[in-house]
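# Inside the fold
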Amino acid sequence: MAAPPAIAARGLVKRYGAVEALAGVDLEVAAGEVFALLGPNGAGKTTLVEILEGFRRPGAGEARVLGEDPARAGPAWRARIGVVFQSAGFFDVLTVREVVAHFASFYPAPLDPARVIAMVGLDGQERRRLKHLSGGQKRRVDLALGIVGDPELIFLDEPTTGLDPEGRRQLWAVIRQFAALGKTVLLTTHYLEEAEALADRVAIIIRGRFAAQGAPAAIGGREEGRATVTFHPAGRLAEAPLPPLPGLERLPDGRVALATAAPTRAVAELARWAEALGEPELPGLEIRRPTLEDVYLRLVRAHDAEADAAAALPAGGSA
Ligand SMILES: Nc1ncnc2c1ncn2[C@@H]1O[C@H](COP(=O)(O)OP(=O)(O)OP(=O)(O)O)[C@@H](O)[C@H]1O
């Protein structure tokens, strides 16, 4: 029998006065999966995560996290989850070692604090007080506090915000190490390359609804969508007329481009054309699929356009 999902939520709705932060979200995250939530500011990511952590109650819908309702689950359940908040700036006068050991003492079967400190790249900093750490080092402490209880499931809210590129990659390695132990990870991020680098699946949440979800490589039709083939003709290729492929065009920068649903066939035709001209290579050949960022921006802009159109309807018009 398949393992029960780590997270299963149906029809989650949350309103704050007139603001509908969640407008009916269904989410299933398998045990051992790394799942990333993407979305613009105010889309509802933190609200969703806080409901799953048991810190907020939904207005409607239900959630099961590690088999329990997070709003009612007790301390035994809480010991099985780890939480890394957007910024946990407390215990400033304690040292790294003290604060990690202190947190470890809350859990029935914690990891060794020294090992956790090393995992997050803070070895050598054990005796420094948190108030003397840089922003990036504090973020590492936050992550250490989230994993020291050896949770089955960890929630990471923007885990690498404020880190330099090297620090971000180091924390990615920690998260990967954690996932490789079979743990489940739910993270929110504004960095699309972070979702692409870490997540088995991502969901794009816009105005409290999932606009798309799937594997980062396939979401929003990335694998089936049109690809753009480009090359930079030189020598005889620059002078010869282009082959009669519909849509093939010269760009102002001298490259030749074609947007096509059949890039393999297009490249084969272009190769035959070049070969016939005595050129075995298409210089600077690239085949580009829509990136995760392309898909994300397309969805966000489509929703913005829809919202603008709805706002422009005369009063009493149907939305
Ligand atoms: N306690 C609250 N009271 C009133 N409104 C709230 C509260 N918390 C969140 N909201 C509103 O709910 C919506 C969703 O907020 P949420 O923090 O879940 O978004 P988010 O996707 O996490 O945003 P960000 O990327 O900026 O962190 C926003 O419009 C926000 O202003």
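Within every chain, residues take consecutive numbers counted from 1 along the sequence as written. Per-residue local features of the predicted model are confined to residues with pLDDT of at least 70, and side-chain atom pairs are confined, for both listing and counting, to 80 or more; whole-chain, interface and lining totals are unaffected and use all residues.

Let's shift gears to the overall build of the protein chain. For helices the rule is a DSSP run of H or I covering at least 4 residues; for strands it is a run of E covering at least 2, with both sets numbered from the N terminus onward. When helices and strands are tallied, the protein chain shows ten helices and 13 strands. Radius of gyration means the value over C-alpha atoms here, while the globule rule gives 2.2 Å times the residue count to the 0.38 power. Relative to the globule expectation of 20 Å for 319 residues, the C-alpha radius of gyration of the protein chain, 25 Å, shows a markedly less compact shape. Across its three principal directions, the C-alpha atoms of the protein chain cover 75 × 60 × 45 Å. Exposed residues have 12 or fewer other C-beta atoms within 10 Å of their own C-beta, buried residues have 20 or more, and partly exposed residues fall in between, where C-beta atoms are placed from the backbone. A buried classification covers 33% of the 319 residues belonging to the protein chain.

We now examine the sheet that holds strand 11 (residues 249-250). For two strands to be treated as a pair, DSSP must find no fewer than two bridges joining them. Pairing within the open sheet is antiparallel, and its four strands lie in the order 11-12-10-13. Looking at which strands have only one partner, the edges of the open sheet turn out to be strand 11 and strand 13 (286-288). As paired elements, strand 10 (residues 227-231) and strand 12 (residues 256-260) share five bridges and run antiparallel to each other. Residue pairing for strand 12: T228 is matched across the bridge by A259. Placing a C-beta atom from the backbone of each residue, one calls two residues in contact when those atoms lie within 7 Å. To get an axis, a line is fitted to the C-alpha atoms, and for a helix only the part in contact is used. The angle between two axes follows their N-to-C directions and goes from 0 to 180 degrees. Lying on the sheet, helix 9 (residues 263-276) is in contact with strand 10, strand 12 and strand 13; it crosses strand 10 at an angle near 20 degrees.

A few words on the domain arrangement of the protein chain. Domain ranges listed in this record stem from an automatic or a database domain assignment. As assigned here, the protein chain comprises domain 1 (7-221) and domain 2 (227-288). Each of domain 1 and domain 2 was reduced to a C-alpha centroid, and the two centroids are 46 Å apart.

Moving on, we come to the sheet that holds strand 5 (residues 81-84). The strand order across the open sheet built from six strands is 5-6-7-3-8-9, with neighbouring strands paired in mixed fashion. For this open sheet the edge positions go to strand 5 and strand 9 (209-214), each flanked by a neighbour on one side alone. Each strand of the sheet is rotated relative to its neighbour by a mean of 15 degrees, with strand direction disregarded. Note that strand 8 (residues 201-206) and strand 9 share five bridges and pair antiparallel. The partner of V202 across the bridge, within strand 9, is G214. Packing of helix 1 (residues 45-53) onto the sheet brings it into contact with strand 3 (34-38), strand 5, strand 6 (153-157), strand 7 (184-188) and strand 8, and relative to strand 6 it is tilted by some 155 degrees.

The next thing to look at is the pairing of strand 5. In strand 5, alternate side chains face the same way, and those of I81 and V83 on one face and G82 and V84 on the other are all buried. Pairing of strand 5 with strand 6 involves four bridges; the strand directions are parallel. Residue pairing in the sheet places V84 in a bridge with L156 of strand 6.

The subject of this paragraph is the site of the ligand. As used in this record, a residue near a molecule or strand is one whose C-beta atom, placed from the backbone, is within 6 Å of it. Close contacts around the ligand come from Y16, V19, A21, G39, N41, G42, A43, G44, K45, T46 and T47, and that covers them all. If you list the elements that add at least two residues to the shell around the ligand, you get strand 2 (19-29) and helix 1. Per-element tally for the shell around the ligand: the top contributor is helix 1, with three residues. Following the grouping adopted for this structure description, the nonpolar residues are Ala, Val, Leu, Ile, Met, Phe, Trp, Tyr, Cys and Pro, the charged ones are Asp, Glu, Lys and Arg, and the polar ones are all others, Gly among them. Considering only residue class, the shell around the ligand consists of four nonpolar, six polar and one charged.

Our focus in this paragraph is unusual backbone geometry. Here the phi dihedral of E158 falls at roughly 50 degrees; this positive angle occurs in a residue that is not glycine. Of note, E158 is situated in the loop between strand 6 and helix 6 (165-180). C-beta crowding within 10 Å serves as the criterion here: with 19 such atoms nearby, E158 is assigned to the partly exposed category. The backbone of R207 shows a phi angle near 45 degrees, a positive value even though the residue is not glycine.

Consecutive side chains of a regular strand alternate in pointing toward one face of the sheet and then the other. Extensive coverage of strand 8 is indicated by the burial of five of its six residues. Strand direction decides the pairing type here: strand 3 and strand 8, joined by four bridges, are parallel. By the bridge assignment for strand 8, L38 is matched with I204. A loop of two residues connects strand 8 with strand 9, the two strands running antiparallel in sequence, and R207 in this loop sits at a positive phi of about 45 degrees.

One fewer than the residue count of a helix, multiplied by 1.5 Å, yields its expected span. When the terminal C-alpha atoms of helix 10 (residues 292-311) are compared, their 29 Å separation across 20 residues agrees well with the 28 Å that a helix rising 1.5 Å per residue should span. Of the residues making up helix 10, those classed as buried are L292, V295 and Y296. The arc that holds every buried residue of helix 10, seen down its axis, measures 100 degrees, which confines them to one face. Seen from the open side of helix 10, the exposed residues pointing more than 90 degrees away from its buried face are E293, R301, A302, A305, D308 and A309. Buried positions along helix 10 lie against strand 3, helix 7 (192-198) and strand 8. The directions considered for the arc are those from the helix axis to the C-beta atoms.

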